[in-house]
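# Structure at a glance
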Amino acid sequence: MSESGDISEFGYIMELIARGKVTIKNIERELICPACKELFTHPLILPCQHSICHKCVKELLLTLDDSCNDMGSDNSNPSSPRLWVPSPSMDKIDRINRPGWKRNSLTPRTTTFPCPGCEHDVDLGERGINGLFRNFTLETIVERYRQAARAATAIMCDLCKPPPQESTKSCMDCSASYCNECFKIYHPWGTIKAQHEYVGPTTNFRPKILMCPEHETERINMYCELCRRPVCHLCKLGGNHSNHRVTTMSSAYKTLKEKLSKDIDYLIGKESQVKSQISELNLLMKETECNGERAKEDAITHFEKLFDILEERKSSVLKAIDASKKLRLDKFQTQMEEYQGLLENNGLVGYAQEVLKETDQSCFVQTAKQLHLRIQKATESLKSFRPAAQTSFEDYVVNTSKQTELLGELSFFSSGIDVPEINEEESKVYNNALISWHHPEKDKADSYVLEYRKINRDEEMLSWNEIEVCGTNKVISELESNCNYAFRVRAYKGSICSPCSRELILHTPPAPVFNFLFDEKCGYNNEHLLLNLKRDRVESRAGFNLLLAAERIQVGCYTSLDYIIGDVGITKGKHFWAFRVEPYSYLVKAGVASSDKLQEWLRSPRDAVSPRYEQDSGHDSGSEDACFDSSQRFTLVTIGMKKFFIPKSPTSSNEPENRVLPMPTSIGIFLDYDKGKVGFYDMDHMKCLYERQVDCSHTMYPAFALMGSGGIQLEESITAKYLEYQEDL
């Protein structure tokens, strides 16, 4: 590919720039290396399709190699820069640039490093930098940008001794710039070098032909669609791209140019829309700033109210404590004064001593009687001393445990609406999803909004779909098969909305749901099986017939299987159905069977026979094992005694515990008629438990068989329509 051909690859962009529709100064951020944050210099294209300067790749590799040799220094400084580091020594750069450079003990060992553009680890392989393409188109655009922005500095001579002179010519063959004197010295007249192609001073030395980095003598002439990179014919014949799909370079050029041109036309045509959206974003930013400040003011107001209430309560509590303290101190003071009066040198005792000095008997008796009562009372108080008040203030301890808990739960949500919770046990998904939830305060909610969205294979989530619901459950229709869906719900009371519930992720079946009911005509044995009116449930009447035949039992007895099938057959396509097996069931077999095999089963006598005689007689009979490799006309699995039994196969282990699983709550069956394949699923996790080939040369029917006590219930959610009841029933 010539230089003019490379430039024409982005000729459309250049034409737009020339016409003034795109200002070249505005593309500067696209021309900045993510590592050095400067304009690209000899950019290389990494495997992740991001570009990086040639020197930056070398410095990153050498830096990471040094860090591997000195892990201690790297761990001691976790904040050290990961991408841009001081330049390594020139000898290391020379070493990595030598032809045939490989990783060994004397050279850098690391060829894996994080891309500065996407931060994903990229592996350069054994060839390292030598295996990378130069981004010549980006080099041309950078050069044009320098000229258009007039940011290009003078290009100095590469061969001058310091100080170098400004160059006047650049040799495209030597990839170097020269001043007049150096050009004469290194390109003398009469030599081969005098015939080299030279241009004005430039730093963009592009080869005339884009060569393959793997096969340096071969030019690029094809494009690998799998790896999305140009390759040569040797890469396709015997190289790493031998088994890849490739196309001609002209075809890839035309396709990519059309896509790029169409995208650029679209973006330019949407310029007014982008400007209006930018204006809208500016308004939203201003609105967000105002609302944020308003929210802060509201929060401060609420907290100040709490502070005022606390201050008021604090003042009230402190006043009550002070009043109680004063009252108690007064009581103690009065009691203390009374006891001080009992002392010898105080009033009561001294007064009594003076009364004793009275000699007139009548006068003494008159005064001493009341005095005696006072002293007697004081004496009794000495015998049973009790403080007039309590010193403890236990009744005045503030209990803030409840308030502390409430304050700890203080949040921005104060609407009073609880968050609804999705009931995982009651929520099921087939082609339609039944989502149920419960709300602790459902009477306070006016309505609910159920949201759901599909989750792609690469975990990419699409936008939410919303459905307004008045009750606490909803059926969502038209879901895609074999997909993950996320569900959540929130409650509304007027204009107040609760937070969203925890998301519930459910997986839809691998095929559309097959609607059928149990067939009450084809081979149905009403003596052994009991079918309900809706024909979606069947039970086995176990034990009675065996009891009648007890006289013939001498050593042992085996009972036969009683079959029942679906009332609709399958002749093409993919189908899925589900059922539940009652936990008390002794032995139940379920799967698919062809019409000719059913006729063989249903014509057989129903006397007691050995299970090994029956061709479908369970996982231990060996009949299924014998013909496992050849496609059978039926496939049945065994469920019983709360277990799920996986049939034997030549590739499976003979250990019983590897074949016995807990019985799922609900079991699903997936039949791919066109590919002749049947699978059995655990509906709780939509997980395939067992899969095998089946002969679908005839009409296939859902088939079931029961032995002993047992019951089968078809899932109501997939039996979309029951047969109408007869009016006379």
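Heads up: the structure comes first, above all this text.
I will try to describe carefully the structure that is included in this document.

Rules used in this analysis
- Residues numbered from 1 in each chain as written.
- Predicted model: local features only at pLDDT ≥ 70, side-chain atom pairs only at ≥ 80, totals over all residues.
- Heavy atoms only, no water.
- Helix = DSSP H or I, 4+ residues; strand = E, 2+ residues; numbered from the N terminus.
- Buried < 20%, exposed > 50% of the residue type's maximum accessible area, 1.4 Å probe, protein only.
- Polar contact = N/O pair within 3.5 Å; in protein donor to acceptor, adjacent residues only side chain to side chain.
- Phe/Tyr/Trp six-rings, centres within 6.5 Å; stacked < 30°, edge-to-face > 60°.
- Lys NZ or Arg CZ within 6 Å of the ring centre and 35° of its normal.
- Pairing = 2+ DSSP bridges.
- Axes fitted to C-alpha atoms, helices over the stretch in contact; angles between N-to-C directions.
- Contact = heavy atoms within 4.5 Å.
- Core = buried A, V, L, I, M, F, W, Y, C linked by side-chain atoms within 4.5 Å.
- Patch = residues over 30% accessible without salt bridge, like charges linked within 9 Å, V, L, I, M, F, W, Y side chains within 5 Å.
- Areas by Shrake-Rupley, 256 points an atom, 1.4 Å probe, with all protein chains shown as cover.
- Salt bridge = Lys/Arg side-chain N within 4 Å of Asp/Glu carboxyl O.
- Lys, Arg positive; Asp, Glu negative; His and termini not counted.
- Charge placed at Lys NZ, Arg CZ, Asp CG, Glu CD.

### Thoughts on the side chain of Thr638
With respect to the helices and strands, the residue Thr638 is situated in strand S26 (residues 634-640). Using a relative accessible area of 5% as the deciding quantity, one classes Thr638 as buried. Within the local environment of Thr638, its side chain forms a polar contact with the side chain of Lys589, the two groups lying 2.8 Å apart.

### Description of the packing of aromatic side chains
Evaluated as defined, the whole model comprises 16 aromatic pairs. With 6.0 Å between their ring centres and 70 degrees between their planes, Tyr178 and Phe183 make a pair best called edge-to-face. The class for Tyr178 is buried, based on a relative accessible area of 5%. By relative accessible area, which is 14% here, Phe183 ends up buried. These aromatic residues form a ring-pair network of at least three members: Tyr178, Phe183, Tyr186 and Tyr198. A cation over an aromatic ring shows up here: Lys169 above the ring of Phe183, its NZ or CZ 5.4 Å from the ring centre. The ring of Trp464 carries Arg488 above its face, with NZ or CZ at 4.0 Å from the centroid.

### Observations concerning the sheet that holds strand S27 (residues 643-645)
The strand order S23-S32-S25-S26-S27-S28 describes an open sheet built from six strands, whose pairing is antiparallel. Two strands bound the open sheet, and with one partner strand each, they are strand S23 (562-565) and strand S28 (660-662). Averaged over all adjacent pairs, the angle separating strand axes in this sheet is 25 degrees, with direction ignored. The sheet contacts of helix H15 (residues 595-603) involve S23, strand S25 (587-594), S26 and strand S32 (700-707), and relative to S25 the element is tilted by about 135 degrees.

### A closer look at the nonpolar core
Residues Trp577, Phe579, Leu671 and Phe704 are the most contacted members of the largest nonpolar core, which totals 34 residues. Ranked by size, the runner-up nonpolar core spans 25 residues in total, among them Cys33, Leu39, Ile52 and Leu138.

### Some remarks on the pairing of strand S31 (residues 687-693)
With six bridges connecting them, strand S30 (residues 677-682) and S31 associate as antiparallel partners. Residue pairing in the sheet places Tyr681 in a bridge with Cys688 of S31. The turn linking S30 back onto S31 is made up of four residues, and Met686 within it adopts a positive phi angle of 50 degrees.

### Some words on a nonpolar patch on the surface
A cluster of nonpolar residues, Phe303, Leu306, Phe307, Ile309, Leu310 and Leu407, forms a patch on the protein surface that exposes about 570 Å² of accessible area. Looking at the nonpolar patch, the element that brings in the most residues is helix H10 (residues 271-340), giving five residues. Structurally, the position occupied by Ile309 is in helix H10. Among the residues examined, Ile309 registers a relative accessible area of 49% and is labelled partly exposed.

### Considerations on a negative patch on the surface
Together, Glu289, Glu293, Glu297 and Asp298 make up a region of like negative charge exposed at the surface. The topology assignment puts Glu293 in helix H10. Assessed through its relative accessible area of 42%, Glu293 is described here as partly exposed.

### What to know about the pattern of salt bridges
Taken as a whole, this structure holds 17 salt bridges when the rule is applied. Close ionic contact of Lys428 with Glu715 constitutes a salt bridge, the shortest N to O distance being 3.4 Å. With Lys428 in strand S13 (residues 428-429) and Glu715 in the segment after strand S33 (710-714), this residue pair connects regions lying 287 residues apart in the sequence. For Lys428, a relative accessible area of 29% corresponds to the partly exposed category. Accessibility expressed as a relative area gives 2% for Glu715, which makes it buried.

### Concerning the environment of Gly566
Residue placement: Gly566 occurs in the loop between S23 and strand S24 (574-581). The spatial distance from the C-alpha of Gly566 to the C-alpha of Phe516 is 6.0 Å, given a sequence separation of 50 residues. Beyond its immediate sequence surroundings of up to four residues, Gly566 is in contact with Phe516, Leu517, Asp519, Tyr701 and Pro702.

### A short note on the sheet that holds strand S5 (residues 133-134)
Ordered by their spatial adjacency, three strands build an open sheet running S2-S1-S5, and the pairing between neighbours is antiparallel. Two strands lie at the open edges of the sheet, namely strand S2 (51-53) and S5, each paired on one side alone. Where strand S1 (residues 43-45) and S2 come together, three bridges link them in antiparallel fashion. Its bridge partner lying in S2, Pro43 is registered against Cys53.

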